[in-house]
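For reference, the chains in residue letters:
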Amino acid sequence: MRNELTWVVGGQQGEGIDTTGEILASALNRLGYFIYGYRTFGSRIKGGHTNYRIRIAQRPVYGIAPRIDVLIAFDQDSINRLAGEMAPGGLIIFNGKAGRAKLPPGAGDVRLVEVPMLDIARELGNPIMKNMVGVGVSAALLGLRPEDIEPVLDDRFRGKGGNLVAANKEALRRGYEAARSALGDTADVLHLEPGDRRRRYLMTGDEAAAFGALAAGCRLVAAYPITPASEIMHWMVKKLPQYGGVVVQAEDEIAAISTVVGAGYAGVRAMTATSGPGFSLMQEVLGYAGMIEAPCVIINVQRAGPSTGMPTKHEQSDLFEMVMGSHGDLPRIVLAPVSIEDCFYAAVEAFNLADRYQTPVIVALDLALGLGKQTVEDIDFSRVKIDRGQIALPDDLNWDGGDFKRYRFTESGVSPRSLPGMPGGLHLATGLEHDETGHITEDRTNRVRMMQKRLRKFADIKDVEAVRYEGPENPHVLLIGWGASYGALREARERLEAEGISTGHAHVRLLAPFPADEVNRLLSRATHVFVAENNALSQLAALIRQHADAADKRRLRTINKYDGTLFLPAEIVEPVLESITPVGVTAKEVG
Amino acid sequence: MATVTRTAKDYRTSAAAWWCPGCGDFGVLRALQEAAAKLNLAPENVVLVAGIGCSGKIGDYFRSYSIHTVHGRTMPVATGIKLANRNLTVIAAGGDGDGYGIGLNHFIHAVRRNIDITYIVMDNHIYGLTKGQFSPTSQQGFKTTSSPAGTADRPVKPLQLALSAGVTYLAQAFSAYPDHMAEIIAEAIQHKGFSLVNCISPCVTYNKVNTYDFYKEHLVNLDEDPDYDPRNYDLAVETVRKYDELVIGRIYVNDTQPSYQDLLPGYSKEPLVNAKLDYEPEHWQQILQEFA
């Protein structure tokens, strides 16, 4: 019996591989297992390898595991690609007849069993149901019963016409029986300890962020389709009409952010969601929003760049652009949620911060956070508090018909804003430098005061979790990361601790304004510091160095991975161990 | 409550216009102020969305809520404002470079969506503020600072583009006739759906070809033609082609198309800015169950 294992289904895109994974993940969630699900896919619709990986555990899991225990392979290509990742004693179920599949050389201690899943589906009259046969096979391997899966099929196929529910249940059962007869009891070793059947929730970061935005009062989304952010628009378009809201599928990302800024200026909580190429197109309007002090929220689900890069692959290489992008000295807030669950809370915070500081707020997701699927124990909706910031009250307005001082110099730098429709609030909002009423001016004194007003707005930024820290007060090793690498770093810390090395893990959640004091305090308490991130130019490390004390700057070492895949814990642990052992201490840069 | 009657003066700001003496944009500003007065619009319920360029300065001179966008993006900004508060009168204004050059993409999409905004293009066939380069509407062969040997580019035909994109209100007016322009702008504002008023607004400094005299000589006023029917799409297409777009007056009017706001499923009938945002945790708990 196992309390944790990794199951993978692989095949060609467009064959329903995702559906197989989705159904199994959903069933496992209902049985009370903790799930981390991750899709590997290509930038095409039909054809090309795809796989869906589910880590199943009895405790919360935040990332992928290094080894695969069960692989359902619908083609030889899946075996060729994934056999090397199999755990000793792992099992590959191949779709086909005996003797057809081949293990690549060096596959090690792996058992290969053929189950003719497609043939069974054909017998049932619908070849696409091979996926459901595969789910049945998986149920047998994991020690589940078809009845454990059936409620998911009821929910998924009910109302889709015909006898879809019954047909899928039959395919499920046939797969289950075929696996039982092919394997007998010999696969019992892969059976899961029973789940606790507690009610938990399975969601992607894109869904969590969209949900957070909706709960925060977002009522307008304007976006242009892009991998891996489109799911945010898809979720919102199902929900917003029930709240009177609207999704605009814009003609491009410039239009998307412009529409959002227009709506934000007029008082509606609005956002756009995009990825690197789209975010690049938004840069000018991002600066404009900062200059006219219009609240807006941009979710950037990073993918591998530069340029079109690898659209379906994970990376964290937009940090510089999010923190520093757009011309001029631009105030902005960048929040990077640390988990899929945190995508919800970060989205809520983003709208409050945008209103409170009248500024663009970027929520930095990455592909693994956006599309990864994770068990969420619960969401604390009492934490959803809506703060619209300083919207002008009647007393603030200018009733004598003169210009309203929309950009009034205030101590905090934030000025009460009037919304179109408010009498006494007329003003000009312009991206040109302007005076307190919004009128255009290049007066030198005004310029300096206005710049300072905009840039000092965040001086009092608080009640934002800027860094999530786990570990001892004065760790020997400090691991620093951001975004989806939380899981790998967390497990790396556990392993280093298990080796007797006192280890801390700091996950930076607020990238701008940068929490320099907090990060410096952590740096000063650690002996060795490693910044691990999914990019080549060590962008987070560079940001830390920009703010770190001189001595600490030199102590930073970097661990980089930019091959499009997530960190595995060992990829953190190994370079750390190598580098902190006496031989390795000679200022060796890792990665 | 006493009825307020407004005049053009009510739409003037304290800022002094810095357009060159004789600039066509003065006529457009005056016409817009007259149109607003004619409709007795409360300035706080009007948002003027201005582009970048000489013409974009109009936002500083017209008294209303005024938002001066980045170059070329008046259409999506105006769309966001209108969707945020459908009770507002949203008027976009900008030049031919702003609307038919850098912003052409957005222009076509705003037209085809039929969002209920009015777009005033101050078309002078030249880039003025950057000192006299040819614009997307400049005629082929036009000699400018960026085309000393004459431009190779053929001009954009905004009226034909708008017609092909499904515009529901299309008119052209001339700065030298601001009363006529005011009448048209007022009508365009009242139109439910997208309205384009292309305003011929000569640049007296950089454009020595498309001058007031040139237009006075060539423009045909369709409003004075008893046989012209602006509800006839085919006639509109034929007419703008026949006169190479040198027409003024109502070119095409279609009141039968629903506007974008009316086609959006679930979109609030009340201004979205007033939508309820706060829901009890129990409400969100129900949505959370969809993930179980």
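Everything here concerns the structure above.
Bear in mind that the values here come from a model prediction, so they are computed numbers and not experimental data.

Trainee: Teacher, can you tell me more about the environment of Asn87 of chain B here?
Mentor: Residues and elements named next belong to chain B. Residue position: Asn87 is located in the loop between α3 (74–84) and β3 (89–95). Considered as a pair, Asn87 and Asn45 are 42 residues apart in the sequence and their alpha carbons are 7.6 Å apart. Ignoring any residue separated from it by four or fewer positions in sequence, one finds Asn87 in contact with Asn45 and Pro271.

Trainee: What exactly am I supposed to notice about the sheet that holds strand β4 (residues 118–123) of chain B here?
Mentor: Sheets are built from strands paired through backbone hydrogen bonds, the pairs being either parallel or antiparallel. If you trace the nine strands from one edge of the open sheet to the other, you get β15(A)-β2(B)-β1(B)-β3(B)-β4(B)-β8(B)-β7(B)-β10(B)-β9(B), paired in mixed fashion. Because the sheet does not close on itself, it has two edges, and the strands there are β15 (428–430) of chain A together with β9 (220–221) of chain B. Judged from the two bridges that link them, β9 of chain B and strand β10 (residues 247–253) of chain B form a sheet pairing that is parallel. Bridge pairing in β10 of chain B places Val220 of chain B opposite Val247 of chain B. Here helix α7 (residues 178–190) of chain B sits on the sheet and contacts β3, β4, β7 (169–174), β8 (195–200) and β10 of chain B; the angle it forms with β7 of chain B, its principal contact strand, is near 160°.

Trainee: Would you mind showing me how to read the sheet that holds strand β18 (residues 503–508) of chain A here?
Mentor: Residue and element names in this part refer to chain A. Taken in spatial order, the five strands line up as β16-β18-β17-β20-β21 in an open sheet, and their pairing is mixed. Looking along the sheet, the strands with just one partner apiece sit at the ends: β16 (467–470) and β21 (556–560). Strand-to-strand twist of the sheet, defined as the mean angle between neighbouring strand axes without regard to direction, takes the value 20°. Alignment of β16 against β18, held across four bridges, turns out to be antiparallel. Paired with Val467 across the two strands is Val508, which belongs to β18. The sheet contacts of helix α16 (residues 486–498) involve β16, β17 (477–481), β18 and β20 (528–533), and relative to β18 the element is tilted by about 170°.

Trainee: Sorry, what's going on with the packing of helix α1 (residues 17–31) of chain A against helix α5 (residues 146–157) of chain A here?
Mentor: For any two helices packed against each other, the geometry comes down to the angle between their axes and how far apart the axes lie. All names here are of chain A. Where α1 contacts α5, the axes come no closer than 9 Å and their chain directions differ by 120°. Taken together, α1 and α5 sit at an angle that is classed as oblique. Taken as a pair, α1 and α5 cross one another with a handedness that is right-handed. Facing α1, whose interface residues are Ile23, Ser26, Ala27, Arg30 and Leu31, α5 presents Asp148, Ile149, Pro151, Val152 and Arg156. The class makeup of the residues in the contact of α1 with α5 is six nonpolar, one polar and three charged.

Definitions and limits used
- Residues numbered from 1 in each chain as written.
- Chains lettered and ligands numbered in written order.
- Predicted model: local features only at pLDDT ≥ 70, side-chain atom pairs only at ≥ 80, totals over all residues.
- Helix = DSSP H or I, 4+ residues; strand = E, 2+ residues; numbered from the N terminus.
- Contact = placed C-beta atoms within 7 Å.
- Pairing = 2+ DSSP bridges.
- Axes fitted to C-alpha atoms, helices over the stretch in contact; angles between N-to-C directions.
- Parallel < 35°, antiparallel > 145°, perpendicular 65-115°, else oblique.
- Left-handed = near helix turned anticlockwise from the far one by under 90°.
- Nonpolar A, V, L, I, M, F, W, Y, C, P; charged D, E, K, R; others polar.

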